[in-house]
Amino acid sequence: MQRDELQFRALDAEARFEYQFALLIFATLTLSIQFSPPMGASMRCLLIAAWLFFLVAGVVAGWRLSKLPLAYRLNWGELTQAELVKNRKSQLAEPTFTRGLAAGRVLDADTKQPMTLSDYTSMVEESEKNLKEITSRREALSRCYQIAFWAQILLFLAGIVCNGIFLGMGLLEKTP
């Protein structure tokens, strides 16, 4: 398998996990609301806290799901731009290419006009600048994404704990 196909499969598996985890959070919230036993007012605050934890975890999961296409585009853009920079730099290292630039035999892809060595060098520098910009945007999104992931996990676990304590206290109240 090629690297692009393996990366696509890995990203697809990650997206499926994200989606299924969001479904699990909302399913747990729904079941917690639907099957909550009647209790006294003192224990209600635990149940409402669990519902709020589940709800906020679900909203965070939805935010993360909405950012997946942007993350994929930035990842793909970074790979494409890095490949472009590598190819352009390798072309500059070839003596025949630089002689072609000096003789005016290399055409600009957009204007179809002959390029000079300084034009091509500035194009390489611009590509490097674009690569740095894409990389910094991807890293910033990755940091936010990681923080949101751990917040989602911790909120979900807090909801499970609050719901478990609520149900456990309910069982203790019913036993004589």
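Residues numbered from 1 in each chain as written. Predicted model: local features only at pLDDT ≥ 70, side-chain atom pairs only at ≥ 80, totals over all residues. Heavy atoms only, no water.

A separate point is the overall build of the protein chain. A count of helical and extended segments in the protein chain gives four helices and zero strands. Out of the 176 residues in the protein chain, the part that is buried amounts to 30%. Pairs at least 24 residues apart make up 78% of the contacts formed inside the protein chain by residues separated by at least 6 positions. Here the protein chain displays about 11,500 Å² of accessible surface, and carbon together with sulfur accounts for 65% of that area. (Helix = DSSP H or I, 4+ residues; strand = E, 2+ residues; numbered from the N terminus. Buried < 20%, exposed > 50% of the residue type's maximum accessible area, 1.4 Å probe, protein only. Contact = heavy atoms within 4.5 Å. Areas by Shrake-Rupley, 256 points an atom, 1.4 Å probe, with all protein chains shown as cover.)

Attention shifts here to the pattern of salt bridges. Inspection of every chain in the model, using the stated rule, returns one salt bridge. A salt bridge links E18 to R64; the shortest N-O distance between them is 2.9 Å. In this pair, E18 sits in helix α1 (residues 3–34) while R64 sits in helix α2 (residues 41–93), placing the two residues 46 residues apart along the sequence. The residues E18 and R64 share a single accessibility class, namely buried. (Salt bridge = Lys/Arg side-chain N within 4 Å of Asp/Glu carboxyl O.)

It is worth spelling out the packing of aromatic side chains at this point. Overall, the coordinates contain four aromatic pairs when judged by the stated rule. On the basis of an interplanar angle of 50° and a centroid distance of 5.9 Å, the ring pair of F54 and F156 is categorised as tilted. Residue F54 is located in helix α2, and its partner F156 is located in helix α4 (residues 117–174); the two are separated by 102 residues in the primary sequence. Arranged with centres 5.2 Å apart and planes meeting at 75°, the rings of F149 and W150 form a pair that is edge-to-face. In this structure an aromatic cluster arises from ring pairing among F17, F21, F54 and F156. Cation over ring: R64 sits above Y145, and NZ or CZ is 4.2 Å from the ring centre. (Phe/Tyr/Trp six-rings, centres within 6.5 Å; stacked < 30°, edge-to-face > 60°. Lys NZ or Arg CZ within 6 Å of the ring centre and 35° of its normal.)

With 86% of its residues at a pLDDT of at least 70, the protein chain reaches an overall mean of 80. Per-element averaging of pLDDT across the protein chain places helix α3 (residues 95–103) at the bottom with 70 and α4 at the top with 84. (pLDDT = per-residue confidence, 0-100.)

With that settled, consider the environment of I153. Residue position: I153 is located in helix α4. Residues I153 and V60 lie 93 residues apart in sequence; the distance between their C-alpha atoms is 9.8 Å.

Nonpolar side chains collect at one region of the surface, where F26, I48, L52, L55 and V59 lie side by side and expose about 440 Å² of accessible area between them. It is α2 that provides the largest number of residues to the nonpolar patch, a total of four residues. Tracing the backbone shows F26 in helix α1. The class of F26 is partly exposed, set by a relative accessible area of 35%. (Patch = residues over 30% accessible without salt bridge, like charges linked within 9 Å, V, L, I, M, F, W, Y side chains within 5 Å.)

Relative to the assigned elements, S127 resides in helix α4. When residues no more than four places from it in sequence are discounted, the contact partners of S127 are Q81, L84, V85 and R88.

Nonpolar side chains tend toward joint burial in soluble globular proteins. Counting 13 residues, the largest nonpolar core has F21, I25, F54, A57 and F156 as the members making the most contacts within it. For this core, the secondary-structure elements that each account for two or more residues are α1, α2 and α4. Here this core gets five residues from one element, more than from any other, and that element is α4. The residues touching A57, leaving out its near neighbours within four places in the chain, are I25, Q152, L155 and F156. (Core = buried A, V, L, I, M, F, W, Y, C linked by side-chain atoms within 4.5 Å.)

Before going further, it helps to spend a moment on the side chain of S32. Relative to the elements of secondary structure, S32 occurs in helix α1. Residue classification places S32 among the buried positions, given a relative accessible area of 6%. A distance of 2.9 Å separates a polar atom in the side chain of S32 from a polar atom in the side chain of W51. Not counting chain neighbours up to four residues away, the residues in contact with S32 comprise L47, W51, F54 and N163. (Polar contact = N/O pair within 3.5 Å; in protein donor to acceptor, adjacent residues only side chain to side chain.)

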